[in-house]
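For reference, the chains in residue letters:
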Amino acid sequence: MRTGDVVNDRFVLQRCTGAGGMGTVWQALDRTTGNAAALKLLRDPTRDGPRFIREAKILEKLSHPHVVRYLESGMLLTGEPYLAMEWLDGEDLAARLTRGGLTLEAALDLTRRVAEALGAAHARGIVHRDIKPSNLFLVNGEIAQVKVLDFGIARHGETSVQLTQTNSILGTPGYMAPEQARGEKSIGPQADIFSLGTVLFECVTGQPAFQGTHAMALLAKLLLEEPPRLVDVRPNVLPAVSDLCEQ
């Protein structure tokens, strides 16, 4: 694909904004609305198709102010699937946290908004399974406009599509729940709540709840050590806030 190409007679590709193992992301003009759109194009449908199509179907079912908005999905004439979403300007929370932690008020506000989005997802039987700072986008840099991104490994209902090799771990070390680290098949809403607690911890303290030099070290800490208590790192934090973080 190249600049100027049109997808489904609707999205005019303007510039490639990123490329990764799964494919590319383009900023495009949505002819229907005149607004900018984000178009994800998959590179290898044989390998990554199930995850990609799953994300599209899940986003189509979700409508919430703090979840990235679905626009359309389908297949290119060449056979590759695409997913169109609203275009977001700003930065993700991971980038924001490189400049230090948030105020307690801002951290709690962000946590509340993300929790509302997750509550809406959970009510539909959707568990995100990869809540972390890089999947929380601050539109225009504003906490009040946070959006949850990337439902690529989310679970919907009791059924599950094979997304990775058998017995592999879904999630991100340092943020995933213990049951994910153990490779359990049934991962419920509590896993997202645990992950959101690690995000709250990092927002308040400016440091990750679990730290290690590599993935295995992070998983070992998660499985073998008690989670750090927020009040032990920030003694001035009210016990109720620390307890919330540990839920």
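The text that follows walks through the structure, step by step, so that each part is easy to find.

1. A closer look at the packing of aromatic side chains
1) Next: In total, this model carries one aromatic pair according to the counting rule given.
2) Next: Each ring, one from Phe 194 and one from Phe 210, has its centre 6.3 Å from the other, and the planes form 20 degrees; the classification is stacked. Highlighted residues: Phe 194 in helix H5 (residues 189–205) and Phe 210 in the loop between H5 and helix H6 (215–224), separated in sequence by 16 residues. There is no split in this pair, since Phe 194 and Phe 210 are both buried.

2. Brief notes about the sheet that holds strand E10 (residues 146–148)
1) Next: Here we have three strands laid out as an open sheet, ordered E7-E9-E10, and antiparallel in their pairing. In the strand order of this sheet, the two ends are held by strand E7 (90–92) and E10, each with one partner. Strand after strand, the sheet turns through a mean of 25 degrees between neighbouring axes, direction not considered.
2) Next: Relative to E10, strand E9 (residues 136–139) runs antiparallel, the two being bridged by three bridges. Directly across from Phe 137, in E10, lies its bridge partner Lys 147.
3) Next: Set on the sheet, helix H3 (residues 104–123) makes contact with E9 and E10; between it and E10 the angle comes to about 35 degrees.

3. What about the pairing of strand E6 (residues 81–86)?
1) Next: Most of E6 is tucked away: six of the six residues are buried.
2) Next: In terms of strand pairing, strand E4 (residues 36–42) meets E6 through five bridges, oriented antiparallel. The partner of Lys 40 across the bridge, within E6, is Leu 83.
3) Next: Between the antiparallel neighbours strand E5 (residues 70–75) and E6 lie five residues, among them Gly 79 with a positive phi of about 100 degrees.

4. Let's talk about the packing of H3 against H5
1) Next: Where H3 contacts H5, the two axes come as close as 10 Å, and the packing angle between them is 165 degrees. Considered as vectors, H3 and H5 are oriented roughly antiparallel to each other. Note on packing geometry: the crossing formed by H3 with H5 is right-handed. When H3 is examined against H5, the residues Leu 104, Ala 107, Leu 108, Leu 110, Thr 111, Val 114, Ala 115, Leu 118 and His 122 are found in contact with a partner set consisting of Pro 189, Asp 192, Leu 196, Val 199, Leu 200, Cys 203 and Val 204.

5. Examining the sheet that holds strand E1 (residues 6–7)
1) Next: Strand order in the open sheet made by the six strands is E1-E2-E3-E4-E6-E5, with antiparallel pairing throughout. At either margin of the open sheet sits one strand with a lone partner, and together these are E1 and E5.
2) Next: Here strand E2 (residues 11–19) pairs with strand E3 (residues 23–30) via seven bridges, running antiparallel. Pairing of Cys 16 across the sheet is with Trp 26, part of E3.

6. Observations concerning the pairing of E9
1) Next: Burial of the side chains of E9 extends over both faces: Leu 136 and Leu 138 are buried on one face and Phe 137 and Val 139 on the other.
2) Next: As paired elements, E7 and E9 share three bridges and run antiparallel to each other. Residue Asp 92 lies in a different strand from E9, and its bridge partner there is Phe 137.
3) Next: Linking E9 back to E10 in an antiparallel pair, the connection comprises six residues, with Asn 140 at a positive phi of about 55 degrees.

7. Some points on the pattern of salt bridges
1) Next: The tally for this structure, following the rule as stated, stands at twelve salt bridges.
2) Next: The salt bridge involving Glu 116 is made with Arg 112; its shortest N-O contact spans 3.0 Å. Linking Glu 116 with Arg 112, this pair stays in helix H3, spanning four residues, or about one helical turn.
3) Next: Of the residues examined, Arg 112 reaches a relative accessible area of 40% and is grouped as partly exposed.
4) Next: Between Arg 182 and Glu 184 there is a salt bridge, with its nearest N and O atoms 2.9 Å apart.

8. As for the environment of Arg 10
1) Next: Positionally, Arg 10 belongs in the loop between E1 and E2.
2) Next: As for Arg 10 and Arg 31, which are separated by 21 residues in sequence, their C-alpha atoms are 5.2 Å apart.
3) Next: What Arg 10 contacts, discounting residues up to four positions off in sequence, is Leu 29, Asp 30, Arg 31, Thr 32, Leu 71 and Glu 72.

9. Points about unusual backbone geometry
1) Next: In this structure, Asn 8 takes a positive phi of about 55 degrees despite not being glycine.
2) Next: Its place among the elements puts Asn 8 in the loop between E1 and E2.
3) Next: At Asn 140, a position not held by glycine, the phi torsion is positive, near 55 degrees.
4) Next: Topologically, Asn 140 is positioned in the loop between E9 and E10.

Conventions used here
Within each chain, residues carry numbers counting from 1 in the order of the written sequence. At least 70 in pLDDT is required for a residue's local features to be given in this predicted model, at least 80 for side-chain atom pairs to be given and counted, and no such filter applies to totals for whole chains, interfaces and linings, which use all residues. Neither water nor hydrogens contribute to the side-chain values; these are computed over all heavy atoms in the structure. Each Phe, Tyr or Trp ring, with Trp reduced to its six-membered ring, pairs with another whose centre is within 6.5 Å; inter-plane angles below 30 degrees give stacked pairs, above 60 give edge-to-face pairs, and intermediate values give tilted ones. Strands here mean DSSP runs of E at least two residues long; helices mean DSSP runs of H or I at least four residues long; both are numbered from the N terminus. Type-normalised accessible area, obtained with a 1.4 Å probe on protein chains alone, sets the label of each residue: buried when under 20%, exposed when over 50%, and partly exposed for intermediate values. The rule for pairing is simple: two strands pair if DSSP sees at least two bridges between them. In this description, a line fitted to the C-alpha atoms serves as the axis of each element, helices being fitted only across the stretch in contact, and the angle between N-to-C directions of two axes falls anywhere from 0 to 180 degrees. We call two residues in contact whenever any of their non-hydrogen atoms come within 4.5 Å of each other. Should an angle fall under 35 degrees it is taken as roughly parallel, and over 145 as roughly antiparallel, whereas 65 to 115 is taken as roughly perpendicular and any remaining angle as oblique. We call a crossing left-handed when the near helix sits turned anticlockwise from the far one by less than a right angle, and right-handed when that turn is clockwise. Whenever a carboxyl oxygen of Asp or Glu lies within 4 Å of a side-chain nitrogen of Lys or Arg, that contact is scored as a salt bridge.

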